[in-house]
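Listed below are the residues making up each chain.
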Amino acid sequence: MDANTPAAGAAGSAAAAPAAAHRILLEVSDLHAYYGESHVLHGMTFTVPEGEVVTLLGRNGAGKTTTMRAIMGMLKSRKGSIRFDGVETVDLPSNKVARLGIALCPEERGIFAGLNVQENLLLPPVVKPGGLSDAEVYELFPRLLERRYSQGTKLSGGEQQMLAIARILRTGAKLLLLDEPTEGLAPVIVQQIGELVRTLKHKGFTIVLVEQNFHFAATVADRHYVVEHGRVIDMFRNDDIEANRDKLASYLGV
Amino acid sequence: MFELIGVPPAVLFGQLLLGLINGAFYAILSLGLAVIFGLLNVINFAHGAQYMMGAFAAWMLLTFAGIPYWAALVVAPVLVGATGIVVERLLLSRIYHLDHLYGLLLTFGLALILEGVFRSQFGSGGQPYPNPLPGGQNLGFMFLPNYRAWVVVLSLAVCLATWFMIERTKLGSYLRAATERPDLVQAFGVNVPRMITLTYGFGVGLAALAGVLAAPIYQVSPLMGSNLIIVVFAVVVIGGMGSILGSIVTGFGLGLIEGLTKVFYPEASNTVVFVIMAIVLLIKPAGLFGTAK
């Protein structure tokens, strides 16, 4: 595909064009999505360079989770373009999207009560070579090995979150969509998840992170897209975040 | 001991065996209903008609093609299961987004049509089907017909194999997960719509298998399913909608209880299942093995 495309034009005018360091893995342009009658995404446009951690920041109801579900193909009615690794996916059902190498860790974690921890972990089929082996996953999450025969939903909130992330690491997916992985968790667990995200980046995963916790996002991400009313209104490189702190605070209402 | 309760052992065990046979049919049929309801959220009222189609398929294979019972045991469920797949693709798949009630009405209508077609073709009188395993064993305390022993053994084996497949295998973990969150399982890369189609075909195939097993015992008649299905629905409710283990245990258990009732208080034998259903619903509305959703 078109390597070294600059990830410009994605954000609003305030954003400086980022350096063309990596090829673009995910390119969302003019994405519209609907829940029944209600029009939720109004032309989302952003790009995710390979190997980066990118966050979608924004208030409740801005359309961040909807964007994740739309990328994953879980919304029936969507228009526009979602190109992953050069392939147009906007008309594909979610199982086909997953097979291309995108995996979602949903906001509500989606741990199955009818499955034990190990079954939950092994549930997502391997779609591509190159994922973590079961041994590597258990090395990253020793707690899941200890509790592998427990019912999935009997784990603590933090453990469930770890399980929800762990199970998409073995599938060979290159792009991970993590929807608010820190929501409702104790600070020490949030820190662990931060370390985990950095480790995963180091291992070569590309990550899109939905966050409301801007302070957490700043510790892990390379760039931030600000989402409001179903579109991206601004973009910051993480390096420029200090300089734009006031602006960001006003966007997020913090 | 038998003198004490005033019942000769041959009568007691004879009725227990009959109960076990009925229980075997209850178990296979309610298992199919449970599998279908679990994944499709459809209460398959055509289940009795599909059981009847299984019996008719076996009878037609024998009468028109000379295909014997043992082959029909495999061929008939596959054929009837295939009709189930067509029904799911053409009809059921269009109404999943609607209320439960529509699936129930659709399959109920389908059952009436199927029974009507078979009645107009073959009349409502039964067709006999020869017993493939004549003879029996004298166990000392009772006479055990070979074919009935076979029905009980095969039913148990099929039920346990289905339970194992759903509760202990990878494929089963997809099924259980898709029962909870089909959208998420599909987003992991599993072709859930195809899995739903095959699951319906499998459930219908189970009903047809019960029909083939029933053919040599009962008459093969268009209404054989509707006579049985009401009790089977009571079994499903008692066991808990969608519970695999519940449908197996409750199926065999209620068959035995029915048999015992025939010995000790025959007047109640037709109603005992419904009395139990009422009591279970009062105490545990989700059923013995069910979990409230």
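Quick notes on the rules
Residues numbered from 1 in each chain as written. Chains lettered and ligands numbered in written order. Predicted model: local features only at pLDDT ≥ 70, side-chain atom pairs only at ≥ 80, totals over all residues. Helix = DSSP H or I, 4+ residues; strand = E, 2+ residues; numbered from the N terminus. Rg over C-alpha atoms; globule rule 2.2 N^0.38 Å. Contact = placed C-beta atoms within 7 Å. pLDDT = per-residue confidence, 0-100. Pairing = 2+ DSSP bridges. Axes fitted to C-alpha atoms, helices over the stretch in contact; angles between N-to-C directions. Nonpolar A, V, L, I, M, F, W, Y, C, P; charged D, E, K, R; others polar. Buried ≥ 20, exposed ≤ 12 C-beta atoms within 10 Å, placed from the backbone. UniProt positions renumbered as here; feature names shortened; annotations may be inferred. Expected span 1.5 Å × (residues − 1). Core = buried A, V, L, I, M, F, W, Y, C linked by C-beta atoms within 7 Å.

(A) Representation of the overall build of chain B. Assigned secondary structure in chain B consists of 12 helices and two strands. The secondary structure elements of chain B, listed N-terminal to C-terminal, are α-α-α-α-α-β-β-α-α-α-α-α-α-α. Here the C-alpha atoms of chain B give a radius of gyration of 19 Å, agreeing with the 19 Å that 2.2 N^0.38 yields for 293 residues. Along the longest, intermediate and shortest principal axes, the C-alpha atoms of chain B span 65 × 50 × 35 Å. Across chain B, the fraction of contacts at a sequence separation of at least 24, relative to all contacts at a separation of at least 6, is 76%.

(B) Fine view of the confidence of the model for chain A. Residues and elements named next belong to chain A. Confidence in the prediction for chain A averages 90 pLDDT; 91% of positions are at 70 or higher. The lowest-confidence element of chain A is helix 9 (residues 245-252), averaging 87 in pLDDT; the highest-confidence one is strand 7 (residues 175-179), averaging 98. Segment residues 1-20: pLDDT under 50, and 33 contacts once partners within four positions in sequence are set aside and those in other chains are kept.

(C) Representation of the sheet that holds strand 2 (residues 38-49) of chain A within the structure. Residues and elements named next belong to chain A. One open sheet accounts for four strands, arranged 2-1-4-5; its pairing is antiparallel. At either margin of the open sheet sits one strand with a lone partner, and together these are strand 2 and strand 5 (87-88). Looking at chain direction, strand 1 (residues 24-35) and strand 4 (residues 78-84) are connected through six bridges and run antiparallel. By the bridge assignment, E27 is partnered in strand 4 with R83. Against the sheet, helix 1 (residues 64-72) makes contact with strand 1, strand 2 and strand 4, and its axis sits at roughly 70° relative to strand 2, the strand it touches most.

(D) Structural detail: the interface of chain B and chain A. Facing the 15 residues of chain B at the interface are 18 residues of chain A. Sorting the residues of the side of chain B that touches chain A by element identifies helix 7 (170-180) and helix 8 (182-187) of chain B as the ones contributing at least two each. Here the side of chain B that touches chain A gets five residues from one element, more than from any other, and that element is helix 7 of chain B. Grouping the constituent residues of the side of chain B that touches chain A by class yields six nonpolar, five polar and four charged.

(E) Up close: the environment of T219 of chain A. Residue and element names in this part refer to chain A. Mapping T219 onto the fold places it in helix 8 (residues 214-220). A residue is classified by how many C-beta atoms lie within 10 Å of it, and T219, with 14 of them, is partly exposed. In the structure, T219 is positioned 19 residues away from N238 in sequence and 8.7 Å away in space, judged by C-alpha atoms.

(F) Spotlight on the UniProt feature "transmembrane region" (unreviewed entry) in chain B. Residue and element names in this part refer to chain B. As annotated in UniProt, the feature "transmembrane region" (unreviewed entry) corresponds to residues 20-43, 55-80, 100-118, 147-166, 198-218, 230-257 and 263-283 in the numbering used here. Helix makes up 88% of residues 55-80 and strand 0%, whereas the separation of the span's terminal C-alpha atoms amounts to 10 Å. The distance from the first to the last C-alpha atom of residues 263-283 is 27 Å, and the span holds 67% helix and 0% strand.

(G) Summary view of helix 5 (residues 100-122) of chain B. Residues and elements named next belong to chain B. The end-to-end C-alpha distance of helix 5 is 33 Å, a good match for the 33 Å that 23 residues give at a rise of 1.5 Å each. Within helix 5 the residues assigned to the buried category are G103, L106, T107, A111, L114, E115 and F118. One or two positions beyond helix 5, positive phi appears at G123, with a value near 75°.

(H) Region of the structure containing the pairing of strand 7 of chain A. All names here are of chain A. A large share of strand 7 lies buried, amounting to five of its five residues. Taking every second residue as pointing to the same face, both faces of strand 7 are buried, with L175, L177 and D179 on one and L176 and L178 on the other. Alignment of strand 6 (residues 102-105) against strand 7, held across four bridges, turns out to be parallel. Among the inter-strand pairings, C105 is bridged to a residue of strand 7, identified as L178. As defined by bridge partners, strand 7 adjoins strand 8 (residues 206-211) across five bridges and the pair is classed as parallel. Paired with L178 across the bridge in strand 8 is L209.

(I) Structural view of the confidence of the model for chain B. Residues and elements named next belong to chain B. Counting all residues, the mean pLDDT for chain B is 93, and 98% of those residues have values of 70 or more. Per-element confidence in chain B is highest for helix 4 (residues 69-90), whose mean pLDDT is 98, and lowest for helix 1 (residues 2-5), whose mean pLDDT is 60. Both scores are available for the predicted complex, with the pTM at 0.89 and the ipTM at 0.88.

(J) Up close: the nonpolar core. Core analysis: the largest hydrophobic core is formed by 155 residues, its most contacted members being L176 and L177 of chain A together with A55 and A58 of chain B. What L177 of chain A contacts, discounting residues up to four positions off in sequence, is M68, I71, M72, I102, A103, L104, C105 and V208 of chain A.

(K) Main features of the sheet that holds strand 8 of chain A. Residues and elements named next belong to chain A. Spatial ordering of the open sheet is given by 6-7-8-3-9-10, a layout of six strands whose pairing is mixed. The sheet is open, and its two edges are formed by strand 6 and strand 10 (231-237), each paired on a single side. Neighbour-to-neighbour, the strand axes of this sheet turn through a mean angle of 20°, independent of strand direction. Bridge count for strand 9 (residues 223-228) against strand 10 is six bridges, and the pairing is antiparallel.

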